[in-house]
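# Structural features, examined
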Amino acid sequence: MNHLSSTLVLCDLDHLLLGADGNLTQVVRDVLQLFVRRGGHFTVFSQRTPRAVRSILGSVRLSAPALVCGGAMAYHFSDGTRQPLCTFAGQEADLFARLPVAEGVGIALQMRDGSTRAVRMSEGLVFHLKQEWTPFVLSNAADVKGEDVLRILFYQDKKQMPILPTLQKALGDAAAFLHAERLAPDTLVLTPGLVSGSAMLNAVCPPSGYAAEQLTVLAGCTQMLDLVHLAGESVVPADAAPELRLAANRMTLTDHDTGAAAELLYGMVRLAETSA
């Protein structure tokens, strides 16, 4: 049996496949095409929305639903079906109207329909969404329904601004039931809770005919830590965060930005050829 065809690779798109310009590097694109031509099956994990991921991948085809919006949704590009894994349904009705008004802080919402809505503009918000190839529309927070929202993203023009105390003060008791996490020094994400690794795995593997033991995870961010624990095989770049290195089965020889993904995928192709 072709080992490539019996394995599904789930790779961190943002940290391991993209160059400094936010696009697939030519080396990665060539290795991906080789991997798929040899029978490899492949999908991605990304903080981006489905529209942004599609723009980046171009002609690269995925074999299983992608985990987008930081794992808050599974999206199948072959037919456009989507499965939200968490939303703000059931939260206080005026939650979005109470989002803090702070100078230099932009706010964007990632929606379950795959779109991004900007409810408060800032230079940081515009910079990030352009860098991430993310189209967006302006929206009034008061018109948003919780069941339509996957995540709230805060973009700070001043990286050291204490946004968390401002956020907690504005939301009051509701803040205690939400999960806040830094994605970057100038980016904070707010979710109604953490999506479990098992929920993400079940949204990707069974619909594609794979068991957890057939999943290889190549992780570059801590948001994939649960998947690293659950996958049959897990690999992280040489410069991954300590918790990822401790949890993974093995590490690549290269760092996240110097070829970790290409190293793994090309190595799998070579192994399949030598064992054929």
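To continue, consider the overall build of the protein chain. Scanning the protein chain from terminus to terminus reveals 9 helices and 14 strands. Relative to the globule expectation of 19 Å for 276 residues, the C-alpha radius of gyration of the protein chain, 19 Å, shows essentially globular dimensions. When its C-alpha atoms are laid out on the principal axes, the protein chain stretches across 60 × 35 × 35 Å. For the protein chain, the share of sequence-separated contacts (at least 6 apart) that also reach a separation of at least 24 residues comes to 58%. Side-chain charges of the protein chain comprise 22 positive and 27 negative groups, with the mean position of each set lying 5 Å from the other.

The buried count for strand β2 (residues 41–45) comes to 4 of 5 residues, which makes it a mostly enclosed element. Two elements, strand β1 (residues 8–12) and β2, share 5 bridges in a ladder whose sense is parallel. By the bridge assignment, L8 is partnered in β2 with H41.

This paragraph deals with the side chain of T187. Within the element layout of this structure, T187 appears in strand β11 (residues 187–191). A distance of 3.2 Å separates the side chain of T187 from the side chain of D186, its partner in a polar contact. Dropping the residues within four chain positions of it, T187 is found in contact with H128, F154, Y155, E181 and R182.

To continue, consider the packing of helix α2 (residues 26–37) against helix α9 (residues 260–275). Where α2 contacts α9, the axes come no closer than 9 Å and their chain directions differ by 30°. Classified by the interaxial angle, the pair formed by α2 and α9 is roughly parallel. Here α2 and α9 pass one another in a crossing that is left-handed. Contacts between α2 and α9 pair V27, V31, L32, L34 and F35 from the former with A262, L265, Y266, M268 and V269 from the latter. Across the contact of α2 with α9, the residue classes tally to 10 nonpolar, no polar and no charged.

About the cut-offs
Residues numbered from 1 in each chain as written. Predicted model: local features only at pLDDT ≥ 70, side-chain atom pairs only at ≥ 80, totals over all residues. Heavy atoms only, no water. Helix = DSSP H or I, 4+ residues; strand = E, 2+ residues; numbered from the N terminus. Rg over C-alpha atoms; globule rule 2.2 N^0.38 Å. Contact = heavy atoms within 4.5 Å. Lys, Arg positive; Asp, Glu negative; His and termini not counted. Charge placed at Lys NZ, Arg CZ, Asp CG, Glu CD. Buried < 20%, exposed > 50% of the residue type's maximum accessible area, 1.4 Å probe, protein only. Pairing = 2+ DSSP bridges. Polar contact = N/O pair within 3.5 Å; in protein donor to acceptor, adjacent residues only side chain to side chain. Axes fitted to C-alpha atoms, helices over the stretch in contact; angles between N-to-C directions. Parallel < 35°, antiparallel > 145°, perpendicular 65-115°, else oblique. Left-handed = near helix turned anticlockwise from the far one by under 90°. Nonpolar A, V, L, I, M, F, W, Y, C, P; charged D, E, K, R; others polar.

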